[in-house]
There are 2 protein chains.
Amino acid sequence: MIYKKENETSFALGAFAVRELLEHKIETVRKIYISRDLKPSIDIDFILNLAKSNGIRIEDGTKVIDRIGGKENIYIMAEFFKYESVWGEGNQIVLYNPADMGNVGTILRTALGFGYHNIAFIKPCVDVFNPKVIRASQGAIFSLNIRLYENFDEYLEENKSIKKYLFMLDGENILQSTPISNEPKALVFGNEASGLLPEVRQYGIPVFIRHSKDIDSLNLSISIGIAMYHFSQKSR
Amino acid sequence: MIYKKENETSFALGAFAVRELLEHKIETVRKIYISRDLKPSIDIDFILNLAKSNGIRIEDGTKVIDRIGGKENIYIMAEFFKYESVWGEGNQIVLYNPADMGNVGTILRTALGFGYHNIAFIKPCVDVFNPKVIRASQGAIFSLNIRLYENFDEYLEENKSIKKYLFMLDGENILQSTPISNEPKALVFGNEASGLLPEVRQYGIPVFIRHSKDIDSLNLSISIGIAMYHFSQKSR
């Protein structure tokens, strides 16, 4: 067994991510694999009891864990069906063509930390359910509402009224001076290398995080962290 | 030839980093290696002319580039002598026992973007001059003043008067409400996993970046980006 993007299931690796999965998306779990080197712990007991009481199969899977987990030392793993979330009100992060799996994992975890629960991915983009993304998010993905859109128009169609801040290197509004409001907002970011395309500009407020000319741009995950932080401050 | 931490030289990989090295620390450069697959470009011409006019040897080094650069496609590389910087006034980032090379590279680049030119490393810590750190910093390291300290006491001894903000999960000051001042400051961060030790607390202002309880902590490089961003705002 190997993981493929086209598969209908993916894997949460390690006790921390498996626990997050069981606590937040237990209805998607297909099976739990444990390695013969798994050591008992409070976390492991909690996981195995929760699985048993929900009728989830637990299976020896030392080999399959090694195949999916690669070089990392993983002793427990859960297989789950990929899912799409519904979402209602609340702040959004919109990732337009993100390409780096580690980056996306960090972004998901940071989004959870700042209470941005609705995350939109505009294709083409990374395989959101790749085990590497899930691992980099440290299981945060299971607490978030993830939606995949074929293109930006489809996103706009479903999210007409929310106020959109578009992060662009030539944004005419400086984030440092942008008023802090409490109304639900979408923070929109482009690809790591190419940024947001100019044609997106008309759909929101173009914003630039002021930095020195000594660097071309801030790293994507740093920019998103800063943007969420900005709006976490009290209004001025 | 392989790179080792104990070596007195290290390597900048790729045209971008080599150019940054030549522009900012040319006095440290020992030699330039070029691959037989190197394609001419304005950047390459600039590098080779600058090297020639400074009497720096340029040598064919396809094999040695592959050995140092690993799987990445690198066609030009510079060998330079490791150096220590002096520093004067100005903002500092203090990294106490950082362990992740990619993280440190991103931090260096972000620091340059926010005008924090003085970077202190408290040992034990990553090999600051490892080619991977230099590459992750995209050459930003060559524009910064780097100082290595054997321990925190040595850092304190040399940096008595600067105002220190200590980023700790149990910091009693919330960054979001911390006054923004223009005086030179040091932002001090602990190890990725363990954070700052409690005994450091007496030497500065303990600060916490408020986030939800859904995550244990923010990623180190995100925290540092946010902290520098905070102080880049106008005072309130």
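Residues numbered from 1 in each chain as written. Chains lettered and ligands numbered in written order. Predicted model: local features only at pLDDT ≥ 70, side-chain atom pairs only at ≥ 80, totals over all residues. Heavy atoms only, no water.

1. A few points about the environment of Ile 122 of chain B
(1) Moving on: Take Ile 122 of chain B: it is sitting in strand β6 (residues 118-122).
(2) Moving on: Sequence separation of Ile 122 of chain B and Asp 153 of chain B is 31 residues, and the distance between their C-alpha atoms is 9.5 Å. (Helix = DSSP H or I, 4+ residues; strand = E, 2+ residues; numbered from the N terminus.)

2. Overview of helix α3 (residues 62-69) of chain A
Residues and elements named next belong to chain A.
(1) Moving on: Regarding α3, the residues found buried are Thr 62, Val 64, Ile 65, Ile 68 and Gly 69. Along the axis of α3, the buried positions cluster into a sector of 165 degrees, meaning they face one direction only.
(2) Moving on: If you follow the buried residues of α3, they end up packed against β1 (9-13), β2 (29-34), β3 (57-60), β4 (76-81) and α5 (131-136).
(3) Moving on: The first or second residue beyond α3 is Gly 70, which carries a positive phi of 65 degrees. (Buried < 20%, exposed > 50% of the residue type's maximum accessible area, 1.4 Å probe, protein only. Arc of directions from axis to C-beta. Contact = heavy atoms within 4.5 Å.)

3. Observations regarding the relation of the copies chain A and chain B
(1) Moving on: Between chain A and chain B, which share one sequence, the superposing operator has a rotation angle of 180 degrees and an axial displacement of 0.0 Å; the RMSD is 0.0 Å. The relationship between the two copies is best expressed as a two-fold rotation axis.
(2) Moving on: When the interface residues of chain A are mapped onto chain B, 100% of them again lie at the interface, so the same face is used by both copies. (Least-squares fit on C-alpha atoms with pLDDT ≥ 70 in both.)

4. Some points on the packing of helix α4 (residues 101-113) of chain A against helix α7 (residues 220-231) of chain A
Residue and element names in this part refer to chain A.
(1) Moving on: Direction vectors running N to C along α4 and α7 enclose 10 degrees, while the axes themselves pass 9 Å from each other. The angle between the axes of α4 and α7 places the two elements in the roughly parallel class. Residues Asn 103, Thr 106, Ile 107, Thr 110 and Ala 111 of α4 pack against Leu 220, Ser 221, Ile 224, Gly 225 and Met 228 of α7.
(2) Moving on: For the contact of α4 with α7, the class distribution of residues is five nonpolar, five polar and no charged. (Axes fitted to C-alpha atoms, helices over the stretch in contact; angles between N-to-C directions. Parallel < 35°, antiparallel > 145°, perpendicular 65-115°, else oblique. Nonpolar A, V, L, I, M, F, W, Y, C, P; charged D, E, K, R; others polar.)

5. Digging into the interface of chain A and chain B
(1) Moving on: At the junction of the two partners, chain A supplies 30 residues and chain B supplies 30 residues.
(2) Moving on: Between the two partners, chain A and chain B, sit zero salt bridges.
(3) Moving on: Counting the contacts that link chain A with chain B gives 17 residue pairs in polar contact (both at pLDDT 80 or more).
(4) Moving on: Among the secondary structure elements, those contributing two or more residues to the side of chain A that touches chain B are α4 and α7 of chain A.
(5) Moving on: Counting residues per element, the side of chain A that touches chain B draws most heavily on α7 of chain A, at six residues.
(6) Moving on: Along the lines of polarity and charge, the residues of the side of chain A that touches chain B split into 10 nonpolar, 14 polar and six charged. (Salt bridge = Lys/Arg side-chain N within 4 Å of Asp/Glu carboxyl O. Polar contact = N/O pair within 3.5 Å; in protein donor to acceptor, adjacent residues only side chain to side chain.)

6. Observations concerning the environment of Ser 177 of chain A
(1) Moving on: You can see Ser 177 of chain A is positioned in the loop between β9 (173-174) and β10 (185-189).
(2) Moving on: Taking the C-alpha atoms as reference, Ser 177 of chain A lies 9.9 Å from Val 207 of chain A; in sequence the two are 30 residues apart.

7. Here we look at the pattern of salt bridges
Residue and element names in this part refer to chain B.
(1) Moving on: On inspection of all chains with the given rule, the structure shows 24 salt bridges over all chains.
(2) Moving on: A salt bridge links Arg 201 to Asp 170; the shortest N-O distance between them is 3.2 Å. Of the two residues, Arg 201 sits in the loop between β10 (185-189) and β11 (205-208) while Asp 170 sits in the loop between β8 (163-167) and β9 (173-174), which places them 31 residues apart along the sequence.
(3) Moving on: Since its relative accessible area comes to 25%, Arg 201 is described here as partly exposed.

8. Details of the domain arrangement of chain A
Residue and element names in this part refer to chain A.
(1) Moving on: According to the domain assignment, chain A consists of domain 1 (9-81) and domain 2 (92-231).
(2) Moving on: Averaged C-alpha coordinates put domain 1 and domain 2 at centres separated by 30 Å.
(3) Moving on: Contacts between the two partners involve 14 residues from domain 1, matched on the other side by 10 residues from domain 2.
(4) Moving on: Considering only the surface of domain 1 that becomes buried against domain 2, Leu 13, Lys 25 and Phe 80 emerge as the three largest contributors, covering 32% of it.
(5) Moving on: At the boundary of domain 1 with domain 2, the tally comes to one salt bridge.
(6) Moving on: Inspection of the domain 1/domain 2 interface yields five residue pairs in polar contact (both at pLDDT 80 or more).
(7) Moving on: When contributions to the side of domain 1 that touches domain 2 are tallied by element, the ones reaching two or more residues are β1 and α1 (15-25).
(8) Moving on: The element best represented in the side of domain 1 that touches domain 2 is α1, accounting for six residues.
(9) Moving on: Across the side of domain 1 that touches domain 2, the residue classes break down as nine nonpolar, two polar and three charged. (Domains from an automatic or database assignment. Buried area = accessible area lost by both parts, 1.4 Å probe.)

9. So, the side chain of Gln 233 of chain B
(1) Moving on: Within the secondary structure, Gln 233 of chain B sits in the segment after α7 (220-231).
(2) Moving on: For Gln 233 of chain B, a relative accessible area of 4% gives the class buried.
(3) Moving on: Only 2.9 Å separates the side chain of Gln 233 of chain B from the side chain of Gln 233 of chain A, close enough to count as a polar contact.

10. Some details on the sheet that holds strand β1 (residues 9-13) of chain B
Residues and elements named next belong to chain B.
(1) Moving on: Here four strands make up an open sheet; going across it, the order is β1-β4-β2-β3 and the pairing mixed. Edge positions in the sheet fall to β1 and β3 (57-60), since each of these pairs with one other strand and no more. Direction aside, the axes of adjacent strands within the sheet are offset by 25 degrees on average.
(2) Moving on: Two elements, β1 and strand β4 (residues 76-81), share five bridges in a ladder whose sense is antiparallel. Residue pairing across strands places Ser 10 opposite Phe 80, the latter belonging to β4.
(3) Moving on: Sitting on the sheet, helix α1 (residues 15-25) touches β1, β2 (29-34) and β4, and the angle it makes with β4 is about 35 degrees. (Pairing = 2+ DSSP bridges.)

11. Some words on the pairing of β4 of chain B
Residues and elements named next belong to chain B.
(1) Moving on: Where burial is concerned, most of β4 is hidden: five out of the six residues are buried.
(2) Moving on: In the sheet, β2 pairs with β4 via five bridges, with the strands oriented antiparallel. Its bridge partner lying in β4, Ile 32 is registered against Ala 78.

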